[in-house]
Amino acid sequence: MKKWTALLLCLALLVTGCMLASAEGLGETPLTELKNFGIFQGDENGNFCLENTITRAEFCKVILAALGFSEKDLEGGGVAFSDVDDSHWAKTYVLAAARMGLIKGQGDGTFLPDDNISVTDVMKMTVVALGYGGQAEELGGYPTGYVAVAKNLGLNQVTRNDFDAPALRGEVAQIMYTALDKPIMQQTGFGAESTYQVMDGTNGTKLITLRTMLQDK
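Residues numbered from 1 in each chain as written. Predicted model: local features only at pLDDT ≥ 70, side-chain atom pairs only at ≥ 80, totals over all residues. Heavy atoms only, no water.

> Go over the overall build of the protein chain with me, naming the residues and quoting the values.
A tally of regular secondary structure across the protein chain gives eight helices and two strands. Order of helices (α) and strands (β) in the protein chain, N terminus to C terminus: α-α-α-α-α-α-α-β-β-α. Sorting the 217 residues of the protein chain into buried and exposed places 51% on the buried side. Here the analysis covers contacts within the protein chain between residues at least 6 apart in sequence; of these, 72% occur between residues at least 24 apart. (Helix = DSSP H or I, 4+ residues; strand = E, 2+ residues; numbered from the N terminus. Buried < 20%, exposed > 50% of the residue type's maximum accessible area, 1.4 Å probe, protein only. Contact = heavy atoms within 4.5 Å.)

> Now, about the layout of surface pockets: what can you tell me, with residues and values included?
The calculated volume of the largest pocket comes to roughly 310 Å³. Lining the largest pocket are 18 residues, and of these Arg56, Gly105, Gln106, Asp121 and Tyr142 lie nearest its centre. Of all the secondary-structure elements, those providing two or more residues to the lining of the largest pocket are α2 (56–66) and α4 (119–129). Looking at the lining of the largest pocket, the element that brings in the most residues is α4, giving three residues. (1 Å grid on protein atoms, 1.4 Å probe; cavity = no way out; pocket = protein on both sides within 12 Å on 5 of 7 lines; lining within 4 Å. Points joined across faces, edges and corners; volume = space filled by probe spheres on them.)

> Residues and numbers for helix α6 (residues 144–152), please.
Regarding α6, the residues found buried are Gly145, Tyr146, Val147, Val149 and Ala150. Contact partners of the buried residues in α6: α4 and α5 (133–138). Following α6 by one or two positions, glycine 154 has its phi on the positive side, about 80°.

> Tell me about the pattern of salt bridges, residues and numbers included.
Throughout the structure, instances matching the rule amount to five salt bridges. Between glutamate 33 and arginine 211 there is a salt bridge, with its nearest N and O atoms 2.8 Å apart. Within this pair, whereas glutamate 33 is found in helix α1 (residues 28–36), its partner arginine 211 is found in helix α8 (residues 210–216), the two being separated by 178 residues in sequence. Take arginine 211: its relative accessible area is 15%, and that puts it in the buried class. Between arginine 56 and aspartate 121 there is a salt bridge, with the nearest N and O atoms lying 3.4 Å from each other. One end of the pair, arginine 56, is in helix α2; the other, aspartate 121, is in helix α4, and 65 residues separate them in sequence. When salt bridges that share partners are traced, they join Glu33, Asp181 and Arg211 into one network. (Salt bridge = Lys/Arg side-chain N within 4 Å of Asp/Glu carboxyl O.)

> Can you explain the environment of isoleucine 175? Please cite residues and give values.
In this fold, isoleucine 175 is placed in helix α7 (residues 169–179). Given the relative accessible area of 1%, isoleucine 175 is considered buried. Between the alpha carbons of isoleucine 175 and threonine 126 there is a distance of 8.4 Å; along the sequence they are 49 residues apart. If we skip the residues at most four places from it in the chain, isoleucine 175 touches Val122, Met123, Thr126, Leu155 and Val158.

> Outline the packing of α2 against α7, supporting the account with residue identities and numerical values.
Following both chains from N to C, one finds α2 and α7 inclined at 20°, their axes separated by 12 Å at the closest point. Considering their axes alone, α2 and α7 lie roughly parallel with respect to each other. In this structure, α2 meets α7 at a crossing whose hand is right-handed. Two secondary-structure elements touch here, α2 through Glu58, Phe59, Val62 and Ala66 and α7 through Arg169, Val172 and Met176. The residue makeup of the contact of α2 with α7, split by class, is five nonpolar, no polar and two charged. (Axes fitted to C-alpha atoms, helices over the stretch in contact; angles between N-to-C directions. Parallel < 35°, antiparallel > 145°, perpendicular 65-115°, else oblique. Left-handed = near helix turned anticlockwise from the far one by under 90°. Nonpolar A, V, L, I, M, F, W, Y, C, P; charged D, E, K, R; others polar.)

> Lay out the environment of leucine 102 with the relevant residues and their values.
Considering the arrangement of structural elements, one finds leucine 102 in the loop between α3 (91–99) and α4. Sequence separation of leucine 102 and glycine 133 is 31 residues, and the distance between their C-alpha atoms is 9.3 Å.

> I'd like a rundown of the packing of α4 against α7, residues and numbers included.
Put simply, α4 and α7 touch, their axes get as near as 11 Å, and they point 20° apart. It follows from the interaxial angle that α4 and α7 lie roughly parallel. The handedness of the crossing between α4 and α7 comes out as right-handed. Residues Val119, Val122, Met123 and Thr126 of α4 pack against Glu171, Val172, Ile175, Met176 and Ala179 of α7. The residue inventory of the contact of α4 with α7, partitioned by class, reads seven nonpolar, one polar and one charged.

> Got a sec to walk through the side chain of threonine 55? Specific residues and values, please.
Note on placement: threonine 55 falls in the loop between α1 and α2. On the accessibility criterion, threonine 55 (15% relative accessible area) is buried. Here threonine 55 is in contact with Pro113, Asp114, Asp115, Asn116 and Ile117, once residues within four sequence places are set aside.

Dropping the structure here:
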């Protein structure tokens, strides 16, 4: 029986918009920690605009920041999308997210970078970044398998139950803050009998979370 864990990808949220420094259900401490880790940043007045939506391109930057990557770390090729050309501010992040398997695009060669991202897609990308993508595929794939795994991990700490709705920055912040302390799933065996293990500090494993990875940088 397979134990699940996938490639260490870790995620990061360096949002360029603003968010109100306090939000219902979130609080100041989580926002401060997300900011200190380089995952969320407010505007010049320290506001985080938690009621605003977030685009698909912005969340690519977010999740890669949570994984501990800066733009300089991410230069390189990747899947090309017809609507993400050299002039798009997020090209480096989008190509890197595709290269790491965090995104696949729309199936017609586009990514729709400036569209709002849904709560479901935020959960999907977070689940993959934490290494649980294989488990999600076995549970039915997109979207049901990914939502199920996200719920099992407790990532559904959002104010609404409409996962198809555009994600608000406050919801993204809550998901990312929760994800910081979830043990990642890591591949421990390769080949035909690939094995995966949750790195939760038990059974001889080392505790590895997004938080520990960011702290080790």
